[in-house]
Structure formats: structure tokens, C-alpha cells
Amino acid sequence: MSANQTGQQTVSLPVDGMTCASCVGRVERALKAVPGVHSASVNLATERADVTFERTPDLGAAVQAAVQAVAKAGYSVVQQEIVLSVSGMTCASCVGRVERALKAVPGVHSASVNLATERADVTFERTPDLGAAVQAAVQAVAKAGYSVVQQEIVLSVSGMTCASCVGRVERALKAVPGVQEASVNLTTEQAHVRAAGGVEAAALIAAVAKAGYSAQRLDSQRSGTDVAAERQAEELRVLKRDLGVATLFALPVFILEMGSHLVPAFHHVIANSLGTQNSWLLQFVLTTIVLFGPGRRFYLKGIPALLRGAPDMNSLVAVGTAAAYLYSVVATFAAHLLPAGTVNVYYEAAAVIIALILLGRFLEARAKGNTSAAIKRLLGLQAKTARVVRDGAAQELPIEAVVRGDVIDVRPGERIPVDGEVLEGHSFVDESMISGEPVPVEKQPGANVVGGTVNQNGALTFRATQVGNDTVLAQIIRMVEQAQGSKLPIQALVDRITMWFVPAVMAAAALTFVVWLIFGPSPALTFALVNAVAVLIIACPCAMGLATPTSIMVGTGRAAQMGVLFRKGEALQSLKDAAVIAVDKTGTLTKGRPELTDLVLAPGFERPAVLQQVATVENKSEHPIAQAIVTAATAEGLTLGTLDRFESVTGFGVRAEVDGVRVEIGADRFMTRLGLDPAQFSGEATRLGDQGKTPLYAAIDGQLAAMIAVADPIKDTTAAAIATLHRQGLKVAMITGDNRRTGEAIARQLGIDEVIAEVLPDGKVDAVKRLKQEHGPVAYVGDGINDAPALAEADVGIAIGTGTDIAIEAADVVLMSGDLGGVPNALALSRATLANIRQNLFWAFAYNVALIPVAAGILYPLSGTLLSPVFAAGAMALSSVFVLSNALRLRRFTPPAAHV
């Protein structure tokens, strides 16, 4: 739909049933007679009517009148229907608002909304871009104040062999009404589809089948990697069997034919014993078994794809081997049909090509299985059973039978089955599978435990809080799978090229055949056939299709092992370009909770007694500083005394009696008011001030007893992480809501380059924007709810995994360990993965660019060199294996942060 300067609107309607010029006239007259239609132009060739309406407040009704007029004239406007699941409606007026919003969308023919089922049935005029029309409808619903429930559907797709297959499956899925986004991954053999709520998986599966492949929806209770692993294991078994059969029958053919060429004496032995014709007959039988046995897969998939006008790599193999085979059959049984001097057989080329390509597929399948090793390892961490206490007795149950609230016993050495909260017991738990940290974590009543971690030396009883797909381990697996299934921006170029690559190769092979047939030496037909087949075989774009997804899979898997989760695959590419790492202070650089950091005693006082008395007074307060002092006393095993006569002195401090001893706590001005001189602590006070700490003072029985400092301490690994970031060439900026003095003190300690202090949450967003303008791409690291806007604004948002769910949801990358050391690790891995992808793409493209001309015979006039189809098949298989092997090197990636 378009609008011109006079306020008119033009809608294009697809009209069905027109067969001649008189039909065009009837449709035009019918449309022009509709009230509000300014003009109508009908095109028979495109079967479309462009109708211009005067500006109207109800375009939907005007379009409906036009459609009815076309129907009354004996023709029909083609329409498409989709179902949207709408949430947020509560009454009939909501229904009316949603219906009006949908009917106002250009191209919508009708809309019917049902409150009970919460669905909208929307009929669109036929459009070449239904996805855009659906998106407009979704936006219209959102603008009306409601939302369309979108669903993520994951399909396991089989039958894809190259990048062009990926493109065809994506186009088929995007053509399904209601689908807004589809991303297909060759390595994982999965399709991730984002669609309106009414889209059925059956429609997606049917679309994939129509494109020549097969698909099934992944069960939400099973990991996609688990299903893919089962299918890959079966594929590997079948490939191993077929490779054995192909090798067994192709080897005699190779010896009979190539042996005769390479060893003249062997040629004479065959001619004098078996005879050339009998040798050809034997080769025919053996090659037929290879082609129609193990090689049948190439013809069953490649020929239909070719007939659909969408050739893939199977088509290349099918056409190449069939050409060599059929030529040889003619030479064997009807030699008189061929020109003199061209009667040769190429059975060995057809048979050995099939065997070599099966070998490549077999090696490729084995390597692809290794790319998902990290996910398989995570899957292996899931416990199969749990010891659940029900009706007073412990019983072993399958993990699927555990429900939230169950009480579970775990013995030493056992794996914790689900997430929960410890009720009884004391132990240390190895949580390295989620944090990357090798040091076991102490667990006692009240502590949280994570399913998949290993209980070490004590027995624990805990209550299940998260089970099934809600556990941390299940979420980690889901995050990694989503990242592995995503596409990086670098792959867009690859997709565009590979979409046209196979047809271009077939054209190049045809051109090679024609050129050799016309200009080649005698026997020209033989040279033309051999070189055309070599071009077809060597140019299979498998390596191109595998170059990016295999590196993503291995890279994100290795990251998960290090406690770094890439929630969005795009972050894997974006992170390497970051120029500035902006960090929140509290909870990111620091531990996020106040602790007693300093207790400086005056002469004549002892730490236990002073700390016990001060903590007894502070236990009356809920202030975090007071609680930090109480926690420190408890940790040192001190028992709090009896408190009397507690008094708060506004603006100064507090006083009370502890076991009959007067205790007064407050700022330096409180001590001065009491007639005490805090100058004796001046040196220590200066030191604490330089560290951004504000000291408190304690007086006991009228004597100045101690200076106390409570602060949010810096994490032990923070300084090393920032030093590593500097070595990586990045600028580090701290954004904090604290006062500038505290911020600058911490910056001096850690070597931070820039401090942006005293900012509110929206100020953090402005700070990120300014850093982007001044320095370039920014990665922001935070952990709190107030960090979520800044995480979303940054080019890459990195959430500390020990932070809030809101921060994690807003981030692109999650550090499960809660350790800033994960940032340089994630950055280094991002750079290594992108370097690996570039290496793969260079190899894949350079291989094709260099060897297609060689296969076509470009070197023949210079050196007499021709590339045999057999060697072309071997080179093609090796290119894919090289790309996969190069990607697998990322499994040995060593993180730069020493603590991991």
C-alpha cells in the first residue's frame, strides 16, 4: 500500500480467474464503480489490480468493498489466512480494539477476534511478502495495547548437505504464513523459527518436506543436541556401512582400469587373460552396484532437487557420476554410436568418486559429532535418578518424576539431581561445571545447590526448588544451543554467495564441456566429459556451509566450559570489536556486600573484646554497615553480650551499655563531642580515606578504643582481570552511583582508566552512549536491576551470573562465575573464534576459486595438466574435513585470565 501527496492510498490486489483482455476491462469497471475508488489499473500478466482510494478513515472497509466488487464481476481476490494468539484482552471492548487495529493494516482483508480462545483469525490479500504483512499486524496489535504471543519452534532437519540446502530450507520456512524469522544451521541440523502463536509445527514440517528435506519438531523435554546426537550416530553407522560396500566394489574397478594405464605390463595381462571387453563388463557390474547401492542417496536427493530448479551438492555428484557412467555404458554396449577415437570407459571415475565422497561424508560426520562435545558433556551432567523422601522413606525415582518441593537426600560423591535449598547437612560441592572455578563451595542449611554439580565429602538433604527445564543446567544447555544455532553477521555474505554457487558451478561445468568439445584436442568428447565432471565434483560448497557454524559451535561450547555463556550468537562477533569495557562497581568489581575491612585498636585494647562489644550495640540496627560488623563478630566465634540503655544520638552515632560497660560508636565529630581526640588514628584514617573508606570510631568506658572501617571489598580477581584487559588493548571505565572520591580511590587501586561517578540508572545509559561516541564499541559489565538499561544500550551487554535475573535477561553474555576474569576470557575467545571463521572461509573460498579453473583444464595448454575427477572428489572431501578440523582446534583454547 502506498500514499501520494493528495492523500490518496493505493492497494494492490491479486486477482484470480482472468484469462483475456475483456476480463481486465470487467474487473476495472467493477472496481471503478466502488464508492471511494479514485482509479483502478488491472494487469493481466501479473494478475494484479492496483486500486487507488480517496483518503478514508476506514481503509479496511474500502478494500473489502473492492474485493466484493471483483467477486460480483465473476473473479476472486486471492487471500491468505493466519492465526495470531493475542494476550492482554479482558473484555469485549478489547476485542473491538484489536479487530479495528488489525483491519486498519494495509492488505488485511478481514479480522475476527475471539476473547475466549484469545486468538485472532486474520485474512490477508495475497502478497509476495506475507512476513512483512504479518509483522505489520503484530505491530498494530502492540500499538493497540496488547501483544501477540510469539513462539519459538525448533525443528530437527535432515537431508541438508551444503550451504545451498540451508538457504532453501530457510526460504521454505519463511514462506509459511505467520513465520517472522527462520534460522537454519547446517552443523546442528536445526531450524529455529520465530512465529506468531497460531503457526503449527506441522505446517513448517510440510514446508520443509516440499523443499525436498525432512523435519521433526524437537520435544521440549529433550535437548536438541540429544536428538541430533542420536541422528548423527545413526547416520555415522549407515555411512560406515555404505563406505565399506562402496570401497569393496570400487577398488577392483580402480585396479582394472587405472592399473592398465599406470603399468603397461598389467594392461597386457588383462588384455591377454580377461580381455578388454570382459574387463569393461566386469567394471560395469561392479560400478552399477556402487552407484545404485551406496551411491543411491545422491540420485534420490540430487535429481529431484535439479528438477525443482534448486540444485544442491547431491545434484553435482549425481550429474557428474551419471555422465561418466552413462558414457561408459554407451562405450561398452554401443561403441558404434561414439566418434572414432572416443571409445573409452570411465567406470573407475564414477565408482571411486562415490567412494571418496562417502569417505568425506563419514569423516565429516565424525568431526561434526565432536563439535557439540561441550553440550554432550553438559547433558552427561544431568542425573538420571534422585533419592526422594516421600512418606518418611527415601526412594529412588527417575529424574522426570521429581517435582518442586520434594525433599532429596544426596550422599558423598553423588551428583546433585536438581536445583534446591539445603535443609540439613554440611558439605563442599564442586560447582566448576557452571562457574569454571575449580575450588569447591561450602554448603550448609540455607545455601543453594545446583543440579549437575558434585557433592563431595558430606551428606546433604535439600528441598527441590527448580526441576526439569527450569534448572540452571537446563537453562545453560538451552542458552548454548540457541547461541550455536544463531547466525553471525559475517555469515550473511556467505549465505548470499552460496545461494547462487551450485547453479553457477553447473553453468561452469556446461561451459567447460562446450569449450573442450569445440576447441579441445582429439578425442574432444572424452576431454570435455572428464573436465566437466571434474568441475562438478570439486566445487561442492560443503566447506563454505560448514565454515561458520562449526566454529560457532566449538567456540560457544568452549566458552560454556569456562563459565562464559553467549546468550546471543551475534555477541561472539560483536565482542571482538569492543574498544572500551565499562564496568559497574558494586557487585561487579566488588563483592556487592559490606564487610568489616579494618579494626585498628588503641593501645591497651584487644580485638575480641572490642569487636564483641561493638557488635552487640550494632546488632540493634538493621543498617548494612551494622550488620557487616555483627557478621564479622559471628564469623570469629564471638558471643554477643547483654544490651542496655540503647540510645541513638542523631547526626553523631549511638551509645549503649554492654554487660555494664558503656560503649559509644560514631563519626570523628562524636568522639570530639565526647572530649576524645581521634588524631591518634590520623595516619590510618588518611590511608582509609585514600581507599575510599569512611572510618567509624568506638569509645569504651570513656576511652577511645578503636577505629572501624566497613566497605564493599574488591574481589580478589578484579585487579588481575583489569590488567589482562589492558594487555588486550582495551580501555576500562568504571560507572558507579557512588561518590567521586570513593570511585577514584578504587580506580587508583585497580588501574582503571576513567571514572564516571554519582550517576543514576538512566545516567548509566547516557554514560554508555558518551563512551561509544568518544571511543567506539562498548561492552558493559553489570549485575543489578539498575544495570539492565545500560546492558541493553551497550554494543555487548555482559551480566555477572550471580546478579539479578533481569540483568541476565538484558545481557548478551553471562559470566556464570560472577568473576570479572570471565570478561578477558570471553573477549579472547571471541577474537579466536572470529579468526578461526576467517581461516575457514579463506580456505573454503580459496579452494573453490583456485581449483575450479584447474578442474576445467586451464593448465592444460601450459603444462598438459588435467585434474582427474577422482582426485577432484578426494580434494573436495578433504576441504570439508580441513574446515572441521580447524574449527575443532578451538576446543584447546587457553583462557588468558590465570584463575580459570
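Values in this document were obtained by computation on a predicted structure and should not be read as measured data.

The rules we used
- Residues numbered from 1 in each chain as written.
- Predicted model: local features only at pLDDT ≥ 70, side-chain atom pairs only at ≥ 80, totals over all residues.
- Heavy atoms only, no water.
- Patch = residues over 30% accessible without salt bridge, like charges linked within 9 Å, V, L, I, M, F, W, Y side chains within 5 Å.
- Areas by Shrake-Rupley, 256 points an atom, 1.4 Å probe, with all protein chains shown as cover.
- Salt bridge = Lys/Arg side-chain N within 4 Å of Asp/Glu carboxyl O.
- Helix = DSSP H or I, 4+ residues; strand = E, 2+ residues; numbered from the N terminus.
- Pairing = 2+ DSSP bridges.
- Buried < 20%, exposed > 50% of the residue type's maximum accessible area, 1.4 Å probe, protein only.
- Core = buried A, V, L, I, M, F, W, Y, C linked by side-chain atoms within 4.5 Å.
- Polar contact = N/O pair within 3.5 Å; in protein donor to acceptor, adjacent residues only side chain to side chain.
- Phe/Tyr/Trp six-rings, centres within 6.5 Å; stacked < 30°, edge-to-face > 60°.
- Lys NZ or Arg CZ within 6 Å of the ring centre and 35° of its normal.
- Axes fitted to C-alpha atoms, helices over the stretch in contact; angles between N-to-C directions.
- Contact = heavy atoms within 4.5 Å.

Q: Report on a nonpolar patch on the surface, specifying residues and quantitative values.
A: Where nonpolar side chains cluster on the molecular surface, the patch consists of Leu-511, Val-514, Val-515, Leu-517, Ile-518 and Phe-519 and spans about 600 Å² of accessible area. For Leu-511, the location among the structural elements is in helix 16 (residues 490-519).

Q: Could you give me a rundown of the sheet that holds strand 17 (residues 427-430), with the residues and numbers involved?
A: With antiparallel pairing, the 3 strands of this open sheet are ordered in space as 18-17-20. With one partner strand each, in any of the chains shown, strand 18 (441-443) and strand 20 (454-455) form the two edges of the open sheet. When strand 17 meets strand 20, the two strands line up antiparallel, connected through 2 bridges. Its bridge partner lying in strand 20, Val-429 is registered against Asn-455.

Q: Quick one: what's the story with the pairing of strand 28 (residues 695-700), residue by residue and with numbers?
A: Looking along a regular strand, one sees side chains alternate from face to face of the sheet. Here strand 28 lies mainly inside the structure; 5 of its 6 residues are buried. Inspection of the sheet shows strand 27 (residues 661-666) paired to strand 28 by 4 bridges, in the antiparallel sense. In the sheet register, Val-663 faces strand 28, and the bridge partner there is Ile-700. Across 6 bridges, the pairing between strand 28 and strand 29 (residues 703-711) is antiparallel. Looking at the pairing, Leu-696 lines up with Ile-708 of strand 29. Hairpin remark: strand 28 followed by strand 29, antiparallel, with 2 residues in the connecting loop; positive phi at Asp-701, about 55 degrees.

Q: Kindly report on the pairing of strand 13 (residues 385-390), identifying the contributing residues and their values.
A: As judged from the 6 bridges shared by strand 13 and strand 14 (residues 393-398), these two strands associate in the antiparallel manner. By the bridge assignment, Val-388 is partnered in strand 14 with Gln-395. In this structure, the hairpin formed by strand 13 and strand 14 is closed by a connection of 2 residues, where Asp-391 is found at a positive phi of approximately 55 degrees. Where strand 13 and strand 15 (residues 407-410) come together, 3 bridges link them in antiparallel fashion. Note on strand 15: the bridge partner recorded for Arg-387 is Asp-409.

Q: Describe the nonpolar core, listing the residues and the values that go with them.
A: Leu-155, Val-157, Met-160, Leu-173, Leu-204, Phe-566 and Ile-798 are the most contacted members of the largest nonpolar core, which has 129 residues in total. When residues of this core are assigned to their parent elements, the largest contribution, 13 residues, is made by helix 30 (residues 822-856). Grouped together as the second largest cluster of nonpolar side chains are 24 residues, Leu-31, Val-42, Ala-49 and Phe-53 included.

Q: Provide a residue-level description of the side chain of His-192, including the pertinent values.
A: Residue position: His-192 is located in strand 11 (residues 190-196). For His-192, a relative accessible area of 16% gives the class buried. Side chain to side chain, His-192 and Gln-190 meet in a polar contact 3.4 Å long.

Q: Tell me about the packing of aromatic side chains, residues and numbers included.
A: Inspection of the entire model under this criterion finds 12 aromatic pairs. Aromatic side chains Trp-516 and Tyr-860 sit 5.3 Å apart centroid to centroid with 65 degrees between the ring planes, which places their arrangement in the edge-to-face category. In this pair, Trp-516 sits in helix 16 while Tyr-860 sits in helix 31 (residues 860-863), placing the two residues 344 residues apart along the sequence. Residue classification places Trp-516 among the buried positions, given a relative accessible area of 9%. For the ring pair Trp-843 and Phe-882, a centre distance of 4.4 Å and an interplane angle of 35 degrees mean the geometry is tilted. Linking Trp-843 in helix 30 with Phe-882 in helix 32 (residues 869-888), this pair joins segments that are 39 residues apart in sequence. The class for Trp-843 is partly exposed, based on a relative accessible area of 33%. Put simply, the rings of Phe-284, Phe-292, Tyr-299, Tyr-325, Phe-333 and Tyr-347 pair up and form one aromatic cluster. When the ring centre of Phe-652 is taken as origin, the NZ or CZ atom of Arg-669, which lies over that ring, is 6.0 Å away. Across the ring face of Phe-652, the terminal group of Arg-673 is positioned such that the distance to the ring centre comes to 4.5 Å.

Q: Would you mind going over the sheet that holds strand 30 (residues 731-735) in detail, with residue names and values included?
A: Spatial strand order, 22-34-33-32-23-30-31: 7 strands in an open sheet with mixed pairing. If you trace the sheet from one side to the other, it starts and ends with strand 22 (564-566) and strand 31 (754-756), each paired once. When the angles between neighbouring strand axes are averaged without regard to direction, this sheet yields 20 degrees. Of the pairings in the sheet, the one linking strand 22 to strand 34 (residues 813-815) comprises 3 bridges and is antiparallel in character. Note that in strand 34 the partner of Phe-566 across the bridge is Val-813. Together, strand 30 and strand 31 form the strand contacts of helix 26 (residues 740-750), whose direction differs from that of strand 31 by roughly 155 degrees.

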